[in-house]
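Single-letter residue listing:
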Amino acid sequence: MAPKQPCAKYQYVVTASGPKIVPVPDAYSKDEESPADYNSGGYLQVKINDTFKDGRYLVLRKLGWGHFSTVWLAKDTANRRHCALKVVKSAGRYAETARDEIKLLRQVMDANPSHNGRNHIVSFLDSFDHAGPEDSHICLVFEPLGENLLALIERHKKTGVAVDLVKVIAKQMLLGLQYLHDECDLVHTDIKPENILISIPDVEAHIQSELSRSPSPTSRRVLVPPKQLARVSVAIPHHKSARERQVQIFDSQPLASPSSFSCPNSPARLSYVSRVASAQSALASFASSSNSNVVNSVRRKSGGGKLALTTGHFEPSASTSDRSSDESSASGSGSSSSVSRYGSIMVSSSVATSLSNDTPPTSVASVTSGIGKLAFTGSPETEKVPSPCTCTCGAQEAAGTTEEPNSKPAQQPSRPPAGPSLLSQTAPANLKPLPPCLQHPHSPSLSQPHSDPSSQPDALPDESLSMPPPLPISIKIADLGNATPTRKHYTEDIQTRQYRAPEAIVGRTDWGATADIWSVACVLFELLTAEYLFDPQSQGDLFGKDDDHVAQIIELLGDFGETKWGGRFSRELFDSSGALRYIRSLKPWPLKRVMVEKYLWSERDSEALCEFLLPMLTIDHRQRAHARDLVDHPWLEVDPLSEDLWGW
């Protein structure tokens with residue numbers, strides 16, 4: 001018996017010649033752009049080995065795509081380097097947006113190249129018009145970058161990204177936004193994980209290596225459905241229309257992060273470990289002739305300490321009495337070096353938040369010549385405080401069970417389905433904070449072993465020592481297509497839903513740079529937990545996403561206050577008394593309790609995180625912290641020797 005032939009599938013479409021029932025197009029990947037967007041006004045059909053700008057740019061493979069454009073890895077034959085080629089849709093609204101983006105990018109490039117934050121904004125290289133078969137497309141050329149933060153979150157979906165790594169990312173995001181806000185007078189308006197890309201060191205060598213070992217680009221030919229038009233009658237075609245055409249859609253191949261760069265045994269990290277050991281040995285040799293207390297301090301600290309990375313100038317350490325009395329104020333923000341309130345080694349560097357290509361001298365003589373750059377500090381607060389852990393050992397111990405020291409933390413609780421307010425849905429009915437685990441070292445705890453105040457070193461020689469630690473990751477803020485001047489807004493509809501600030505939800509028009517800061521807090525929470533901070537859902541005719549979004553914010557942070565009024569949607573969301581119009585039952589669950597009860601953080605770590613995040617989540621945007629207020633926050637201090645920091 002002959003095999004049964006599969007039934008043909010048809011679909012109803014409306015074409016220029018009238019409604020038709022046509023064969024269903026070939027299957028195409030839902031992870032790539034839609035073939036329907038290749039109609040007039042949409043994407044340009046780009047193929048491997050296509051050239052742009054009179055042969056200057058040669059297309060090698062597809063990096064990705066978005067609503068406005070497709071992005072391709074290309075070789076700039078004029079400058080003999082690789083680049084990211086962004087080919088924008090041809091419709092007028094997309095072209096206009098692209099021209100605005102080009103103006104902003106040029107402004108950003110020229111504003112203040114010496115600012116530390118400039119290194120954390122994507123570099124714009126070129127732009128030109130390309131004549132396609134039907135329309136003209138604007139093309140933008142950028143430096144090639146790696147994967148975005150969403151890919152990093154996906155890789156750590158069970159436990160979240162390591163806390164130290166999140167701190168490095170946070171520092172760089174704030175520096176980049178400080179540059180945009182203060183130097184360029186721009187608001188990004190669309191900060192989200194997809195728009196934060198990971199920079200690749202020695203990118204040319206990495207691209208060459210990846211191209212040599214990666215598989216050839218794959219693609220599929222699919223039918224381009226006709227543009228949808230309003231018609232009434234139906235016609236069943238017997239032959240393919242001459243207007244029907246196919247398009248070749250390539251699979252995206254974003255540049256992967258180099259494993260040799262992100263692993264704990266990275267040459268950069270091992271080199272820095274050696275340099276720190278050399279510096280400590282030199283410090284001990286230098287101090288032995290003048291102050292034995294210094295030697296004791298070195299021995300205590302050699303087991304590991306926290307490095308406070310600063311971008312200001314380092315001032316010589318004060319005497320013991322001065323340091324103890326000024327310790328709390330020294331931990332605050334400022335351009336000068338600050339002493340951490342956690343036991344630490346303080347290193348000052350103007351390139352502390354970016355990778356340094358310079359190799360500082362490591363000989364004893366060269367290190368001792370500038371020994372004043374190192375200041376060893378301790379804090380009575382951290383004496384004999386064990387490092388709590390984010391695992392669930394506490395819950396098991398409470399139940400009378402034990403856990404092996406090397407066991408992994410339990411999987412985080414899953415998020416339940418949507419309800420009147422998604423945040424309150426995840427709140428446990430009666431959950432007490434768990435005791436800290438004394439066995440596991442992978443906690444985000446900031447505590448370090450205490451050194452006796454009486455043994456603090458005296459002031460050291462006031463000379464310089466350049467020892468910038470290599471950071472395992474460098475990010476860049478990309479996609480400035482929606483950026484706008486702080487006061488003269490191009491649009492009032494801003495930000496992706498989950499990262500939208502309260503003032504934008506209610507439809508106020510007096511928002512500014514702090515709208516980006518709200519989004520940064522949401523992104524950092526998502527990095528730490530692999531879950532949205534706010535993920536509003538609608539409930540049919542009962543309430544919409546805006547209602548649930550406001551409800552979740554109130555449950556986490558409290559009442560909207562005056563922010564609720566003066567927006568286009570204020571009266572749709574709130575009644576005359578200021579209460580939510582459609583959601584009445586709210587269950588307050590503050591951020592500190594969320595971190596302790598849901599994510600099993602210690603009280604200390606949760607409090608430290610809240611001190612950093614809550615100023616970013618102030619509902620009143622006029623009182624919310626700016627990037628410049630947060631860029632030197634003590635929570636951002638990290639230990640460059642941590643394997644958690646490098647093992648991403």
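Above this text is the structure in question.
Residues numbered from 1 in each chain as written. Predicted model: local features only at pLDDT ≥ 70, side-chain atom pairs only at ≥ 80, totals over all residues. Heavy atoms only, no water.

A.B. asks: In this structure, what is going on with the overall build of the protein chain? I would like to understand it.
C.D. replies: Counting secondary structure elements, the protein chain contains 19 helices and 17 strands. Considering the protein chain as a whole, with its 648 residues, one finds that 52% of them fall into the buried category. For the protein chain, contacts bridging at least 24 residues in sequence account for 74% of all contacts bridging at least 6. Only carbon and sulfur atoms are counted for the fraction: they give 50% of the accessible area of the protein chain, which is about 29400 Å². (Helix = DSSP H or I, 4+ residues; strand = E, 2+ residues; numbered from the N terminus. Buried < 20%, exposed > 50% of the residue type's maximum accessible area, 1.4 Å probe, protein only. Contact = heavy atoms within 4.5 Å. Areas by Shrake-Rupley, 256 points an atom, 1.4 Å probe, with all protein chains shown as cover.)

A.B. asks: Would you mind going over the pattern of salt bridges with me for this structure?
C.D. replies: Any two side chains of opposite charge can pair if their charged atoms end up close together. Counted by the stated rule, this structure contains 26 salt bridges. The salt bridge involving Lys598 is made with Glu531; its shortest N-O contact spans 3.2 Å. With a gap of 67 residues between them, Lys598 in helix α16 (residues 591–598) and Glu531 in the loop between α13 (514–529) and α14 (545–557) connect regions that are remote in the sequence. The residues Lys598 and Glu531 share a single accessibility class, namely buried. Taken together, the salt bridges that share partners define one network made up of Lys53, Arg56, Asp76 and Asp126. (Salt bridge = Lys/Arg side-chain N within 4 Å of Asp/Glu carboxyl O.)

A.B. asks: Could you clarify how one ought to interpret the packing of aromatic side chains in this entry?
C.D. replies: Two descriptors summarise a pair of aromatic rings, namely the distance from one centre to the other and the angle between the planes of the rings. The full count for this structure, using the stated rule, is 12 aromatic pairs. On the basis of an interplanar angle of 50° and a centroid distance of 5.8 Å, the ring pair of Phe560 and Phe574 is categorised as tilted. Taken together, the positions of Phe560 in the loop between α14 and α15 (570–573) and Phe574 in the loop between α15 and α16 put the pair 14 residues apart, joining distant regions of the chain. Like Phe560, the residue Phe574 is buried in the burial classification. (Phe/Tyr/Trp six-rings, centres within 6.5 Å; stacked < 30°, edge-to-face > 60°.)

A.B. asks: Would you mind showing me how to read the layout of surface pockets here?
C.D. replies: Over the atoms rolls a probe the size of a water molecule, and its path tells where empty space is left. Of the volumes computed, that of the largest pocket is approximately 1300 Å³. Along the walls of the largest pocket sit 40 residues, with Trp65, Gly66, Val71, Glu194 and Asn195 positioned nearest its centre. Contributing elements (two or more residues each) for the lining of the largest pocket: β4 (57–65), β5 (69–76), β6 (81–88), α1 (92–111) and α2 (149–155). (1 Å grid on protein atoms, 1.4 Å probe; cavity = no way out; pocket = protein on both sides within 12 Å on 5 of 7 lines; lining within 4 Å. Points joined across faces, edges and corners; volume = space filled by probe spheres on them.)

A.B. asks: Explain the environment of Val122 to me, please; I cannot follow it from the model alone.
C.D. replies: For Val122, the location among the structural elements is in the loop between α1 and β7 (124–131). Assessed through its relative accessible area of 6%, Val122 is described here as buried. With 17 residues separating them in the primary sequence, Val122 and Leu105 have C-alpha atoms 9.0 Å apart.

A.B. asks: Got a minute to help me understand unusual backbone geometry in this structure?
C.D. replies: Note: most peptide bonds trans; most residues except glycine with negative phi. Even without a glycine there, the phi angle at Arg80 is positive, about 55°. Following the sequence through the fold, Arg80 ends up in the loop between β5 and β6. Here the phi dihedral of Gln495 falls at roughly 75°; this positive angle occurs in a residue that is not glycine. Checked against the element boundaries, Gln495 lands in the loop between β17 (484–485) and α12 (502–505). Accessibility expressed as a relative area gives 8% for Gln495, which makes it buried.

A.B. asks: Can you help me understand the pairing of β6 in this one?
C.D. replies: Taken residue by residue, a regular strand's side chains alternate between the two faces of the sheet. Where burial is concerned, most of β6 is hidden: seven out of the eight residues are buried. Pairing between β5 and β6: eight bridges, direction antiparallel. Note that in β6 the partner of Val71 across the bridge is Lys86. If you look at the hairpin formed by β5 and β6, you'll find four residues sitting between the two strands, and Arg80 has a positive phi there, around 55°. Judged from the four bridges that link them, β6 and strand β8 (residues 136–142) form a sheet pairing that is antiparallel. Paired with Val87 across the two strands is Cys139, which belongs to β8. (Pairing = 2+ DSSP bridges.)

A.B. asks: Where do I start with the nonpolar core in this structure?
C.D. replies: What tends to happen in soluble globular proteins is that the nonpolar side chains get buried as a cluster. Formed by 107 residues in total, the largest nonpolar core has its most connected members in Leu174, Leu524, Leu527, Phe612 and Met616. Residue contributions to this core peak at 12 residues, all from helix α3 (residues 163–183). If we skip the residues at most four places from it in the chain, Leu524 touches Val166, Ala170, Met173, Phe612, Leu613 and Met616. Counting 14 residues, the second largest nonpolar core, distinct from the first, contains Tyr57, Val59, Leu85 and Phe128. (Core = buried A, V, L, I, M, F, W, Y, C linked by side-chain atoms within 4.5 Å.)

A.B. asks: Could you clarify how one ought to interpret the sheet that holds β8 in this entry?
C.D. replies: Sheets are built from strands paired through backbone hydrogen bonds, the pairs being either parallel or antiparallel. Reading across the sheet, the six strands line up as β3-β4-β5-β6-β8-β7 and stay open at both edges, with antiparallel pairing between neighbours. Unpaired on one side and paired on the other, β3 (51–52) and β7 mark the two borders of the sheet. On the sheet, α1 packs against β6, β7 and β8 and is oriented at approximately 25° with respect to β8. Contacts from helix α4 (residues 203–213) reach β4, β5 and β6 within the one sheet, and its direction differs from that of β6 by about 80°. (Axes fitted to C-alpha atoms, helices over the stretch in contact; angles between N-to-C directions.)

A.B. asks: What should I look at first to understand the packing of α3 against α13 in this one?
C.D. replies: Running from amino to carboxyl end, α3 crosses α13 at an angle of 165°, the nearest separation of the two axes being 10 Å. Looking at the two axes, α3 sits roughly antiparallel to α13. Considering the relative orientation of α3 and α13, their crossing is right-handed. Residue-level contacts link Val163, Val166, Ile169, Ala170, Met173, Leu174, Leu177 and His181 of α3 to Asp516, Ile517, Val520, Val523, Leu524, Leu527 and Leu528 of α13. (Parallel < 35°, antiparallel > 145°, perpendicular 65-115°, else oblique. Left-handed = near helix turned anticlockwise from the far one by under 90°.)

A.B. asks: What exactly am I supposed to notice about the side chain of Lys564 here?
C.D. replies: Tracing the chain through its elements places Lys564 in the loop between α14 and α15. With residues near it in sequence (within four places) discarded, Lys564 still touches Val506, Asp559, Ser570, Phe574 and Gly578.

A.B. asks: Can you walk me through the environment of Arg155 in this structure?
C.D. replies: With respect to the helices and strands, Arg155 occurs in helix α2. The spacing of Arg155 and Ala530 is 375 residues in sequence and 9.4 Å in space, taken between C-alpha atoms.

A.B. asks: What is the right way to look at the side chain of Thr486 in this model?
C.D. replies: You can see Thr486 is positioned in the loop between β17 and α12. Separated by 2.7 Å, the side chains of Thr486 and Asp185 make a polar contact. Excluding residues that lie within four positions of it along the chain, Thr486 makes contacts with Asp185, Leu186, Val187, Trp511, Gly512 and Ala513. (Polar contact = N/O pair within 3.5 Å; in protein donor to acceptor, adjacent residues only side chain to side chain.)

A.B. asks: Got a minute to help me understand helix α17 (residues 603–613) in this structure?
C.D. replies: Among all positions of α17, only Asp605, Ser606, Ala608, Leu609, Cys610, Phe612 and Leu613 are buried. Elements that come into contact with the buried residues of α17 comprise α3, α13, α16 and α18 (627–630).

A.B. asks: How should I be thinking about α16 in this particular structure?
C.D. replies: One turn of the α-helix equals 3.6 residues, which is why residues spaced by three or four share an orientation. Most of α16 is tucked away, with six of its eight residues classed as buried. Of the positions making up α16, those classed as buried are Leu591, Val594, Met595, Val596, Glu597 and Lys598. For α16, the elements touching its buried residues are α13, α14 and α17.

A.B. asks: It is not clear to me how the environment of Ser214 should be interpreted in this structure. Could you clarify?
C.D. replies: Its location among the elements puts Ser214 in the loop between α4 and β11 (219–224). Judged by relative accessible area, which is 21%, Ser214 ranks as partly exposed. Residues Ser214 and Gln253, 39 residues apart in the sequence, show an inter-C-alpha distance of 9.2 Å. Among the polar contacts listed, one links the side chain of Ser214 to the side chain of Arg61, at a separation of 3.2 Å.

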